[in-house]
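Structural characterization, general
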Amino acid sequence: MTDQRANLTVLGCSPSWQNTGEACSSYLVEAAGTRLLIDCGNGAFAQLREHSDYATIDAIAITHTHGDHVLDLLPFAYALLYSPRALRGELNRPLLLLPPTAHERMRSIFALIDRAELLDDAYEVREYEPAEPIQVGSLVLEFAEVPHFVPVHAVSVRTSEGGRFVFGADHRPCDEIVDFARGADLLMLEATLMQPETGIRGHMTSEEAAEIAQSAGVTRLVLTHMSDELPREELLAQAKAVHANTVLAAAADEYRF
Ligand SMILES: [Zn+2]
Ligand SMILES: [Zn+2]
């Protein structure tokens, strides 16, 4: 019997500056004819092209408007508007799901670099509401606000086969993500820090991420958003001591859920 589960491909798993040879946050979900991109950080569009035809992406869900999660929406927009296929009228506008109030912020970013109109010309833009699940092809998306330095929403992706993936995006340790992740088949959390920050917190250590996976009762944990300038094996071992079934994301890794 063939595996009907969805496939998650890591396109970029760097923190806010790129690891050597890697892009910033971006993850491709493919399931039953539906293709969803979660975040589109700097470097992600080139990695998307390594794996997939950008014209086949149905929707892009953005967790927050920090640069490492959105900057490659610009080259993606250029491709959707000015590539040979675009000029022949062969491309559709993918759905761009933005956090509440982010539409105007993204228009401002596009305006600073080029023109604000590029955003809505390239994408069918919609701001999601955390309370409202959104159907994208065969997938159901849900969002939950988590605490970071700017508004961030964790994303849950549920397949028609009953599989569920939760991506926390960027956040400090919190109960919100524990509640949201409960029952997920696969949980991906940031592990940005070597030590907890002093002052206002916005990120987590690998150990803190593992504690969330334990509290939520999730079997498989993938750590991401970790610099290659940190002692990654040591930080992974610290996480595994708390939650044994933990791996560290690398570019082009694939997971089923
Ligand atoms: Zn980030
Ligand atoms: Zn961030």
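So, a few notes on the structure that sits alongside this text. (Residues numbered from 1 in each chain as written. Chains lettered and ligands numbered in written order. Predicted model: local features only at pLDDT ≥ 70, side-chain atom pairs only at ≥ 80, totals over all residues.)

Observations concerning the overall build of the protein
Our working rule: Numbering of helices and strands starts at the N terminus; helices are DSSP runs of H or I of at least 4 residues and strands are runs of E of at least 2. The atom set for the radius of gyration is the C-alpha atoms, and the globule formula is 2.2 Å times the number of residues raised to the power 0.38. Exposed residues have 12 or fewer other C-beta atoms within 10 Å of their own C-beta, buried residues have 20 or more, and residues in between are partly exposed; the C-beta atoms are placed from the backbone. C-beta atoms are first placed from the backbone for all residues, and any pair lying within 7 Å is then listed as a contact.
For the protein, the helix and strand inventory stands at nine helices and 15 strands. Computed over its C-alpha atoms, the radius of gyration of the protein comes to 17 Å, within 12% of the 18 Å expected for a compact globule of 257 residues. Structurally, the protein occupies a C-alpha span of about 55 × 50 × 35 Å along its principal axes. The proportion of buried residues among the 257 residues of the protein is 47%. For the protein, restricting intrachain contacts to residue pairs at least 6 apart in sequence, the fraction spanning at least 24 positions comes to 60%.

Remarks on the sheet that holds strand β8 (residues 134–136)
The test is simple: The criterion for strand pairing is that DSSP finds at least two bridges linking the strands in question. Axis angles are defined between N-to-C directions and span 0 to 180 degrees, where every axis is a line fitted to C-alpha atoms and, for a helix, only to the segment in contact.
One open sheet accounts for seven strands, arranged β8-β9-β10-β11-β12-β13-β14; its pairing is mixed. Of all strands in the sheet, those bounded by a partner on one side alone are β8 and β14 (246–248). Each strand axis lies, on average, 25° off the axis of its neighbour in the sheet, ignoring direction. With five bridges connecting them, strand β12 (residues 186–190) and strand β13 (residues 220–224) associate as parallel partners. In the sheet register, Glu-190 faces β13, and the bridge partner there is Thr-224. Those strands touched by helix α9 (residues 232–242) are β13 and β14, and its axis lies near 160° from that of β14.

Side note on the packing of helix α8 (residues 206–216) against α9
For the record, the criterion: Should an angle lie under 35 degrees it is considered roughly parallel, over 145 roughly antiparallel, and from 65 to 115 roughly perpendicular; all remaining angles are considered oblique. Note on convention: the crossing is left-handed when the near helix lies turned anticlockwise from the far helix by less than a right angle, right-handed when the turn is clockwise.
α9 packs onto α8 with a crossing angle of 25° between their chain directions and a minimal axis gap of 8 Å. Between α8 and α9, the interaxial angle falls into the category roughly parallel. The handedness of the crossing between α8 and α9 is right-handed. Contact with α8, carried on its side by Ser-206, Glu-207, Ala-209, Ala-210, Glu-211 and Gln-214, involves Leu-235, Leu-236, Gln-238, Ala-239 and Val-242 of α9 and no other residues of that element.

A closer look at the pairing of strand β1 (residues 7–14)
Among the eight residues of β1, six are classified as buried, and the element is accordingly described as predominantly covered. Inspection of the sheet shows β1 paired to strand β3 (residues 26–31) by five bridges, in the antiparallel sense. Paired with Thr-9 across the bridge in β3 is Leu-28. Bridge analysis of β1 against strand β15 (residues 254–256) gives three bridges, and the strand direction is antiparallel.

Observations concerning the pairing of strand β9 (residues 139–146)
Looking at chain direction, β8 and β9 are connected through three bridges and run antiparallel. Bridge pairing in β9 links Gln-135 to Val-140. The turn linking β8 back onto β9 is made up of two residues, and Gly-137 within it adopts a positive phi angle of 55°. As defined by bridge partners, β9 adjoins strand β10 (residues 152–158) across seven bridges and the pair is classed as antiparallel. Residue pairing in the sheet places Val-140 in a bridge with Arg-158 of β10. As consecutive antiparallel partners, β9 and β10 are separated by five residues.

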